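Remarks on the overall topology
Spelled out, the chains give:
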Amino acid sequence: MTDGSRMSSPTVAAVRPAPPGTGESGRAGWHRRAAALPLSYLAGIVVVGFVHPFLPSWRWLAIHLLLLGAASNAILVWSAHFTAAVLHSRTPASRRGEAARLAVLNLGVAAVLVGGATPARWVGVVGAGAVFGAVAAHLWVLAARLRTALPARFTITVRYYLAATVALLTGVPVGAWMLVVDDDARPRLLLFHAHVNLLGWVTLTVLGTLLTLWPTVLRTRMAGGAVRAATAALPTAVAGLGLLGVGLLGWWQPLAVVGLVLLAAAVLGCARPAVAVARARPPASFAGWSIAAAVGWLLVAIAVDAWTILAAPAAAAAADRFGVVLVPLLVGFVAQVLVGALSYLVPMALGGGPTQVRLRTAALDRWWPQRVVMANLALAVFLLPVPAYLRITTSLLVLVALGQFLLPAAGLLVASRRPVATGPAVPAPATPASGGAPPMAAPATPEARGGQRRGAAVGAALVLLAVLAGVAAQRVAAPAGEPVPAGAQVPATGRTTTVAVTAKGMRFHPDRIAVPAGDRLVIELTNADDRRHDLALATGPRTAVLTRGGTARLDAGVIGTTVRGWCTLPGHRQAGMTLTITASGAPAGAPPVEAHGGPTVDAMADPGPAFAARDATAPPAPPAAPAGRVHRVTLRVQEEVREVAPGVRQRLWTFNGSAPGPVLRGRVGDTFEVTLVNDGSIEHGIDFHASALAPDAPMRPVDPGQSLTYRFTAAKAGIWMYHCSATPMLHHIGNGMYGALIVDPPDLPAVAREYVMVQSELYLGGDAQPADLGKMQREQPDAVVFNGYVSQYVHRPLPAPAGQRVRVWVLNAGPSRTSAFHVVGAWFDTVYREGRWLLRPDDPGGAQVLDLAPATGGFIETVFAEPGHYPFLSHSMVDADRGARGVFEVTAP
């Protein structure tokens, strides 16, 4: 029989007929235990998805639970199984060797997860070594089977497995290296590691398996030329992977893109005969549609990946933007192909007779049209430039779809522990060598097709409900104010005027639009800029945030007066991204529709009995270490609506949910490894004043969903500011993105009480809205505060003992006002300012004020003479009246 003939698919069951029982022993027991491994990791992903706000490295955990845990276990189990099937080799009498490899693999995976999510990075390195050893042993076993096997038609499948395993063995050491080393090469290493593991280990395995699995899932014969196409595609894929790896390591973008093109060509080459089979017999199960959708997402991700690499100015930028590739690759491709394949393979492997296999398959296929449509449509919406709450609701649907597979799958594994009524043993389906054909399923009945259509409609409806819920939540979390009707002054004409507007060069083109009074205006916005933009009108309508090349259609409503519009991204409006719509023929004197004003602050107001002030206590100084220590810190950018004064809310951009961000502390010689994770809706960065290194890479801004690692050694003492590095920095600092790092001077003595005061200004926008950049530019603060809240320590005084030494670290975060820290009723006998001792207790003089320009810091020490209430404030009295004040409540020691 030649390759051009219509061939059957090889077995996916045991090479030998299964024993009648399916208890704890035999093939069924082995596959039950083996299937529990990837299912357990998939369940872990669901758990991480729901508790991720409490996990510091949840993205890293989720990625490695899927790839290193679920996918790698499935690949080791099923590639060994398919190798035995296609080579017609005898299944080993004992599974001890395979079980040992899986045990070592999973011990290594557990260690990698611990090492990557905790400061114990060496544990992750040891785990990576165990993973490498297990996979290397798996490679040796596959190669030995291929070397000793008789010639077989489907040996190309095993060669795909060998190439995939070599790819993983190349990527694992790079991942281990990145756990402990962070240098300028990290972005290129990260890209290499991710691409080799995803497009090598996973993709090559999938292509080799689908050669025989796809027609088996469709219960039809293999298309003519399928083996020849797979044989031709393998060297193309390997060459593409090699060029891609070299191109990423050397950051030769054209070479990397050529590698991606070759990989795409290999996928398309393998897909062509698969599509021919599907056209003749369309998928009619969860496995078929899930696998087909997964391959589609793979091609989409490769195309986006090529565009991202070409558009990136540097490897660091490409690494930051890799998230737009990673989500469709992980969720759309890896998770879907894994779940789809398991839904077909597990019922077959558990055996028990044809009736049991059909019942198990039906259990895993329940509501499959709804699950497939819901998961893929929700993923597509998630990948659009939509607000944060839409991403939350659609991601929840993806997790629900995964749960709809996991629950019945877990039920099958539990049920398979019990003996079942058996019919005839499930024979090994016919292989090409035997010339037989797989069993053919009856075509779907009209009733079945109607049920599938209803299920698909339910899936689409659930996504629509998630979108509506996300929009509603976004409006509740960020109310835009009551929109003013644009056409309130004139009757509607019934006509529509459509205008094309382009965002480019931080301007709208055109930036003035004249519309006949009473016409409805529709704006078709295109972003031709390298930066993200949107368009909002003072009347309420706004577009989504658009990346380069993105388009949106905005219905401005009936125009009856002048309406202002602008880009809402921070600083863009102030930089000139404004738009004016005028109504020709409108009544004279019709007022323009402007934006709404902001709230006012009463610095004397009592916040009430339920108010809890920010803890001003300084974190304890770490013990001295001869060679310094490494502080590993995760700073998550979070957008939070917080009360900043009684009854006044502001939408703050924060580090770890608070403004100021967390106070960090170390000693001279300590190393700080800071991971910045951008969970916000706009780009953000980080700048540590305590570092001395070129800002190009560590201080670069990163897009939403991206992260970077900032590593530096604290060589000089002082209280140092850190803040967002994205432009305009004035807006980012003024809206809460700042914090303090204390580096203790050598031999700093302990004191009775030690506090930290970070002074900053508030420039309020609308209620629960971000700060007003215009006020910042005019230097018109609404309030000046210590530790983020107006006069909070007036109402919640700070305790201190009389007669004992108290130290107060002070940082002026600004962004613009000078601080003059003073304590009423006390003088300072110790003053340390900007790395220099200005006054010591033995000096004859004293000090009354610690004066600090923006981004300046130091500390004072004082001993309160007697119990009482000692106000502290900025002696720039206008700022004290604005809220920069508090009280020390001094009691007897």
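Keep in mind it's a predicted model, so treat the numbers as computed, not measured. (Residues numbered from 1 in each chain as written. Predicted model: local features only at pLDDT ≥ 70, side-chain atom pairs only at ≥ 80, totals over all residues. Heavy atoms only, no water.)

Helices and strands together make up the secondary structure of the protein, namely 19 helices and 27 strands. Taking all 893 residues of the protein together, 55% fall into the buried category. Restricting the contact set of the protein to residue pairs at least 6 apart, pairs at least 24 apart contribute 76%. About 36,100 Å² of surface is accessible on the protein, with carbon and sulfur atoms providing 62% of the total. (Helix = DSSP H or I, 4+ residues; strand = E, 2+ residues; numbered from the N terminus. Buried < 20%, exposed > 50% of the residue type's maximum accessible area, 1.4 Å probe, protein only. Contact = heavy atoms within 4.5 Å. Areas by Shrake-Rupley, 256 points an atom, 1.4 Å probe, with all protein chains shown as cover.)

Our next topic: the environment of Gly-825. Mapped onto the secondary structure, Gly-825 falls in the loop between strand 21 (819-823) and strand 22 (830-833). Gly-825 sits 44 residues away from His-869 along the chain, and the two C-alpha atoms are 8.9 Å apart.

Spatially, 18-17-20-25-22-23 is the arrangement adopted by the six strands of the open sheet, whose pairing is mixed. The open sheet has two edge strands with one neighbour each: strand 18 (783-786) and strand 23 (836-839). Adjacent strand axes in the sheet meet at a mean angle of 20 degrees when their direction is disregarded. Note: strand 20 (residues 805-814) against strand 25 (residues 856-863), eight bridges, orientation antiparallel. Bridge pairing in strand 25 links Arg-805 to Val-863. (Pairing = 2+ DSSP bridges. Axes fitted to C-alpha atoms, helices over the stretch in contact; angles between N-to-C directions.)

Attention now goes to the packing of helix 9 (residues 286-311) against helix 13 (residues 368-383). For any two helices packed against each other, the geometry comes down to the angle between their axes and how far apart the axes lie. Contact geometry for helix 9 and helix 13: axes closest at 9 Å, N-to-C directions at 15 degrees. By the angle between their axes, helix 9 is roughly parallel relative to helix 13. Crossing of helix 9 against helix 13: the hand is right-handed. Counting all contacts with helix 9, which are made through Phe-286, Trp-289, Ala-293 and Trp-297, the residues of helix 13 involved are Trp-368, Arg-371, Val-372, Asn-376, Leu-379, Ala-380 and Leu-383. In terms of residue class, the contact of helix 9 with helix 13 is built from nine nonpolar, one polar and one charged. (Parallel < 35°, antiparallel > 145°, perpendicular 65-115°, else oblique. Left-handed = near helix turned anticlockwise from the far one by under 90°. Nonpolar A, V, L, I, M, F, W, Y, C, P; charged D, E, K, R; others polar.)

Across eight bridges, the pairing between strand 1 (residues 496-504) and strand 4 (residues 520-527) is parallel. Residue pairing in the sheet places Thr-496 in a bridge with Arg-520 of strand 4. Bridging between strand 4 and strand 6 (residues 551-558) involves seven bridges; their strand directions are antiparallel. Its bridge partner being in strand 6, Val-522 is matched across the sheet by Asp-555.

Here we come to a nonpolar patch on the surface. A surface patch of nonpolar side chains, about 490 Å² in accessible area, is lined by Val-47, Phe-50, Val-51, Tyr-389, Ile-392 and Leu-396. Where the nonpolar patch is concerned, the elements lending two or more residues are helix 1 (26-51) and helix 14 (388-415). Summarising the element assignment, Val-47 is placed in helix 1. (Patch = residues over 30% accessible without salt bridge, like charges linked within 9 Å, V, L, I, M, F, W, Y side chains within 5 Å. Salt bridge = Lys/Arg side-chain N within 4 Å of Asp/Glu carboxyl O.)

So, about the pattern of salt bridges. Scanning the entire structure with this criterion turns up 20 salt bridges. As a salt-bridge pair, Arg-520 and Asp-555 come within 3.0 Å of each other at their nearest N and O atoms. Here the residue Arg-520 occupies a position in strand 4, and Asp-555 occupies one in strand 6, the gap between them amounting to 35 residues. On the basis of relative accessibility, which here comes to 33%, the residue Arg-520 falls in the partly exposed class. Residue classification places Asp-555 among the partly exposed positions, given a relative accessible area of 39%. Of the charged contacts in the structure, one is a salt bridge between Arg-711 and Glu-673, with a shortest N-O distance of 2.6 Å. Separated by 38 residues along the polypeptide, Arg-711 in strand 14 (residues 707-713) and Glu-673 in strand 12 (residues 671-678) bring together distant segments of the chain. Residue Arg-711 is classed as partly exposed on the basis of its relative accessible area of 27%.

Turning to the packing of helix 5 (residues 155-180) against helix 7 (residues 226-250), a few remarks are in order. Between helix 5 and helix 7, whose axes approach to 10 Å, the crossing angle comes to 15 degrees. As the angle between them shows, helix 5 and helix 7 are arranged roughly parallel. The hand of the helix 5/helix 7 crossing is left-handed. Of the residues in helix 7, those touching helix 5 at Ile-156, Arg-159, Tyr-160, Ala-163 and Ala-167 are Val-227, Ala-230, Thr-231, Ala-233, Leu-234, Val-238 and Leu-241. Looking at side-chain class alone, the contact of helix 5 with helix 7 contains 10 nonpolar, one polar and one charged residues.

Turning our attention to helix 5. With 26 residues, helix 5 extends 40 Å from end C-alpha to end C-alpha; this agrees with the ideal 38 Å at 1.5 Å per step. Taking burial as the measure, the 26 residues of helix 5 include 20 buried ones, the bulk of the element. (Expected span 1.5 Å × (residues − 1).)

Inspection of the secondary structure puts Gly-734 in helix 16 (residues 729-734). For the pair formed by Gly-734 and Tyr-763, sequence separation is 29 residues and the distance between their alpha carbons is 7.0 Å. Those residues in contact with Gly-734 that lie beyond four places of it in its chain are Gln-650, Met-729, Glu-761, Ala-771, Met-776 and Pro-815.

Within this structure, the stated rule accounts for 19 aromatic pairs. Both rings, one in Phe-786 and one in Phe-872, keep their centres 5.8 Å apart while their planes meet at 45 degrees; by these two values the pair is tilted. On the criterion of sequence distance, the pair formed by Phe-786 in strand 18 and Phe-872 in strand 26 (residues 868-874) is long-range, its members being 86 residues apart. With respect to class, Phe-786 is no different from Phe-872; both count as buried. For the ring pair Phe-864 and Phe-888, a centre distance of 5.5 Å and an interplane angle of 50 degrees mean the geometry is tilted. Placement of Phe-864 in the loop between strand 25 and strand 26 and of Phe-888 in strand 27 (residues 885-891) is noted, with a sequence separation of 24 residues between them. Comparing Phe-864 with Phe-888, the two get one shared label, buried. Ring pairing ties together the aromatic residues Tyr-755, Phe-786, Tyr-793, Phe-821, Phe-864, Tyr-870, Phe-872 and Phe-888, which thus form one cluster. (Phe/Tyr/Trp six-rings, centres within 6.5 Å; stacked < 30°, edge-to-face > 60°.)

If you walk across this open sheet you meet the four strands as 3-8-7-5, and the pairing is mixed. The open sheet has two edge strands with one neighbour each: strand 3 (512-516) and strand 5 (536-537). Sheet topology places strand 5 next to strand 7 (residues 563-566); two bridges connect them, and they run antiparallel. Residue pairing across strands places Ala-536 opposite Trp-566, the latter belonging to strand 7.

Note that Pro-369 resides in helix 13. For Pro-369, a relative accessible area of 9% translates into the label buried. Once the C-alpha coordinates of Pro-369 and Ala-456 are considered, the two residues, 87 residues apart in sequence, prove to be 4.8 Å apart. Discounting residues that sit within four places of it in the chain, Pro-369 has contacts with Gln-452, Gly-455 and Ala-456.

Our next topic: the pairing of strand 22. Judged from the four bridges that link them, strand 22 and strand 25 form a sheet pairing that is antiparallel. Bridging across to strand 25, Tyr-832 finds its partner in Phe-859. Across three bridges, the pairing between strand 22 and strand 23 is antiparallel. Residue pairing for strand 23: Arg-833 is matched across the bridge by Arg-836. If you look at the hairpin formed by strand 22 and strand 23, you'll find two residues sitting between the two strands, and Glu-834 has a positive phi there, around 50 degrees.

Our next topic: unusual backbone geometry. The omega torsion of the bond from Thr-727 to Pro-728 falls at -5 degrees, within 30 degrees of zero and hence cis. On the secondary structure map, Pro-728 appears in the loop between strand 15 (718-723) and helix 16. Look at the link from Gly-814 to Pro-815: it is a cis peptide, with omega at 20 degrees. Along the chain, Pro-815 turns up in the loop between strand 20 and strand 21. Positive phi, normally seen in glycine, also occurs at Arg-219, with a value near 55 degrees. Inspection of the secondary structure assignment puts Arg-219 in the loop between helix 6 (186-218) and helix 7. One non-glycine residue with positive phi stands out, namely Glu-834, at about 50 degrees. Among the residues examined, Glu-834 registers a relative accessible area of 45% and is labelled partly exposed.

Averaged over every residue, the pLDDT of the protein is 85; residues scoring 70 or more account for 88%. Predicted confidence for residues 1-25 stays below pLDDT 50, and this span has 89 contacts to residues more than four positions away or in other chains. Across residues 420-442, where pLDDT falls below 50, the model places 57 contacts with residues more than four positions away in sequence or in other chains. (pLDDT = per-residue confidence, 0-100.)

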